[in-house]
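Each chain, written out:
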Amino acid sequence: MHKSIPQRRNVDCSAPSSVPLLDVNRGNAALREEFLAAIAAVCDSGRFLYGPDVQEFEQAFAANCDVRHAIGCASGSDALLLALMAYDIGPGDEVITSSFTFFATASCIWRLGACPVFVDIEADGFNLDPELIEAAITPATKAIIPVHLFGQCADMDAVNDIAVRHGLKVIEDGAQSIGAEYRARPAGSLGHIGCFSFYPTKNLGGFGDGGMLTTNDDELAARLRQLAAHGMQPRYHHPLVGINSRLDSIQAAVLNVKLTRLGRWTSQRRANADRYHRLFAESGLDRWLVMPEQLPQRYHVWNQFTLRVPDGQRDVLRAKLTEMNVGTEIYYPIPLHQQECFKSLGYEPDSLPETERAAREVLSLPIFPELTAAEQQLVVSRIGQARQTRRAAA
Ligand SMILES: *Cc1c(COP(=O)(O)O)cnc(C)c1O
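Reading guide: rules and limits
Residues numbered from 1 in each chain as written. Predicted model: local features only at pLDDT ≥ 70, side-chain atom pairs only at ≥ 80, totals over all residues. Heavy atoms only, no water. Helix = DSSP H or I, 4+ residues; strand = E, 2+ residues; numbered from the N terminus. Buried < 20%, exposed > 50% of the residue type's maximum accessible area, 1.4 Å probe, protein only. Contact = heavy atoms within 4.5 Å. Areas by Shrake-Rupley, 256 points an atom, 1.4 Å probe, with all protein chains shown as cover. Pairing = 2+ DSSP bridges. Axes fitted to C-alpha atoms, helices over the stretch in contact; angles between N-to-C directions. Right-handed = clockwise from strand over helix to strand, strands pointing away. Phe/Tyr/Trp six-rings, centres within 6.5 Å; stacked < 30°, edge-to-face > 60°. Domains from an automatic or database assignment. Buried area = accessible area lost by both parts, 1.4 Å probe. Salt bridge = Lys/Arg side-chain N within 4 Å of Asp/Glu carboxyl O. Polar contact = N/O pair within 3.5 Å; in protein donor to acceptor, adjacent residues only side chain to side chain. Near = heavy atom within 4 Å. Expected span 1.5 Å × (residues − 1). Arc of directions from axis to C-beta.

*Asks:* Which parts of the structure should I look at to understand the overall build of the chain?
*Replies:* When helices and strands are counted, the chain shows 13 helices and 12 strands. The C-alpha extent of the chain, read off along each of the three principal axes, is 90 × 55 × 35 Å. The buried share of the chain, taken over its 394 residues, is 53%. Counting contacts in the chain only where the partners sit at least 6 residues apart, residues at least 24 apart contribute 71% of the total. With the model as given, the accessible surface of the chain reaches about 18200 Å², and the carbon-plus-sulfur share is 51%.

*Asks:* Looking at this structure, how should I read the sheet that holds strand β6 (residues 181-182)?
*Replies:* What links the strands of a sheet is backbone hydrogen bonding, and the strands pair in either a parallel or an antiparallel sense. Within the open sheet, the three strands sit side by side as β7-β6-β10. Their pairing is antiparallel. The outermost strands of the open sheet, each flanked by one partner alone, are β7 (185-186) and β10 (298-299). Taken together, the two bridges between β6 and β10 define a ladder with antiparallel strand orientation. From the neighbouring strand, E181 faces β10, where its bridge partner is Y299.

*Asks:* Just checking my understanding: could you explain the sheet that holds strand β4 (residues 141-145) for this structure?
*Replies:* The strand order β1-β9-β8-β5-β4-β2-β3 describes an open sheet built from seven strands, whose pairing is mixed. Each edge of the open sheet is held by one strand with a lone partner, namely β1 (69-73) and β3 (115-119). If you compare each strand with its neighbour and ignore which way they point, the axes differ by 25° on average. Inspection of the sheet shows strand β8 (residues 193-197) paired to strand β9 (residues 211-215) by four bridges, in the antiparallel sense. Looking at the pairing, S197 lines up with G211 of β9.

*Asks:* Any chance you could explain the pairing of β3 here in plain terms?
*Replies:* Note on strand geometry: in a regular strand, side chains alternate between the two faces of the sheet. Of all five residues in β3, four are buried, a share of seventy percent or more. Crossover connection from strand β2 (residues 94-98) via helix α5 (residues 104-111) to parallel β3: handedness right-handed.

*Asks:* Mind showing me how you'd approach the packing of aromatic side chains here?
*Replies:* Two numbers describe a pair of aromatic rings. These are the distance of the centres and the angle of the planes. If you walk through the whole model with that rule in mind, you get 17 aromatic pairs. Judged by centre distance (5.8 Å) and plane angle (25°), the ring pair of F103 and F342 falls under stacked. Here F342 lies in the loop between α11 (314-323) and α12 (353-361) and F103 lies in the loop between β2 and α5, a separation of 239 residues in the sequence. With relative accessibility at 35%, the residue F103 sits in the partly exposed group.

*Asks:* Would you take a moment to explain the domain arrangement of the chain for this structure?
*Replies:* Accessible area lost when the parts come together is the quantity often used to give the size of an interface. Once the domains are mapped, the chain shows domain 1 (25-119 + 127-259) and domain 2 (262-393). Between the C-alpha centres of domain 1 and domain 2 there is a distance of 26 Å. In this complex, domain 1 contributes 39 residues to the contact, which on the side of domain 2 involves 35 residues. Of the roughly 3200 Å² buried between domain 1 and domain 2, counting both surfaces, carbon and sulfur atoms make up 61%. On the surface where domain 1 and domain 2 come into contact, there are one salt bridge. A salt bridge links R26 to E375; its shortest N-O distance comes to 2.8 Å. For the interface between domain 1 and domain 2, the tally reads 21 residue pairs in polar contact (both at pLDDT 80 or more).

*Asks:* I tried to follow the site of the ligand on my own but got confused; where do I start?
*Replies:* In the vicinity of the ligand, 16 residues are found, and the nearest of them are G76, S77, D173, S197 and K202. Contacts to the ligand include D173, whose side-chain N or O atom sits 2.8 Å from a nitrogen atom. Measuring from an oxygen atom of the ligand, one finds a side-chain N or O atom of K202 at 2.6 Å. Taken by itself the ligand offers 380 Å² of open surface, and the protein chains cover 94% of this.

*Asks:* Explain the pattern of salt bridges here, please?
*Replies:* Pairing between side chains of opposite charge can happen when their charged atoms approach one another. Under the criterion given, the structure shown has 16 salt bridges. With its nearest N and O atoms 3.9 Å apart, the salt bridge here joins R32 to E33. One salt-bridge network, in which partners are shared between bridges, spans R308, E354, R357 and E361.

*Asks:* Help me understand helix α10 (residues 262-283), please; the structure alone is not making it clear to me.
*Replies:* Residues three or four positions apart in an α-helix share a direction because the helix packs 3.6 residues into each turn. Helix length check: α10, at 22 residues, gives a terminal C-alpha distance of 31 Å against a target of 32 Å (1.5 Å per residue), a fit within 8%. Among all positions of α10, only L262, W265, T266, R269, N272, A273, Y276, L279 and F280 are buried. Take α10 and look down its axis: the buried residues cluster within an arc of 145°, on one side only. Among the residues trailing α10, G284 stands out with phi positive, at a value near 80°.

Right under this line is the structure:
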């Protein structure tokens, strides 16, 4: 009997129907054998802490940031904490930073008994507004923590000028910005200490937690290393009270494999950002949504592609995109000065207007290196559809 082939509409089976916000497996899958070999070598060596993998990674990382020293630690959060500990920051001290950031930027200040002083951000770039820093300085101010948010450096010339004039330390929170540059200088080399994270969603993500400190100061490097190892020097002598915070050999082995690919992944992220800009311009949606821009003198590494949705439409758009299987995220919905744990700092509503507006408007889209052109087209066309249904309903 003659069997007929079922008639099908013109369906392209390779066309994506959903887009994840992030898919770490795509990048990792291609390197699986290298990872397993590197981890097996650690297993066989029996050197799980302070081994050659960690040394190799620290040296390569320092070269990448164009600094003399890189010191591994257990997380980006610990890097920030250790940086403040190295400067003996504690009760009675104030540290100026952004409220529009991940919690760890400020919790390190609080944990040491010091006081976080939040300064508003610039509308472009989402980083500390240098024009507002000086007014926040008091005799108790010890340091500034500029955050290089979403992959783009803060205005570091302005921050450093202020710091020099007032004798303040500058600790870069570069957790989202490994490989980013400001005036052709890498993040991590722009202040006194740089702090980085290898949390899996960062541009250089490990298989768990990990962090790094960078500095050009030899003495400071030794002090940071000592503080990360219980303040011990020599063995069982503790001139300082440190913490236990180490980058372990397995993480370092994995990160050594990945670091050699970071440049290519960054280029892919940048190409994805360019493509979004083209697609949003072609669709005209850039007249509604506010696109993220690379500011002058910056090399943006696009840890996030974060646009603004005006007119209180952000949450509606996000809900529709979730329904249409497009992954998005809000970094960050509640600024730190409005967190319950910092209530006692006494910030009133509207005290940081640009920060609070950003928290209401921002939406981050998929931007990871292996994201395909077809997926980006789908993201943009779904946003267009969501916009249409809103119009039709209005
Ligand atoms: C991820 C992150 C941190 C903390 O890093 P962990 O490794 O997760 O502790 C700190 N600051 C910013 C801006 C971050 O994005």
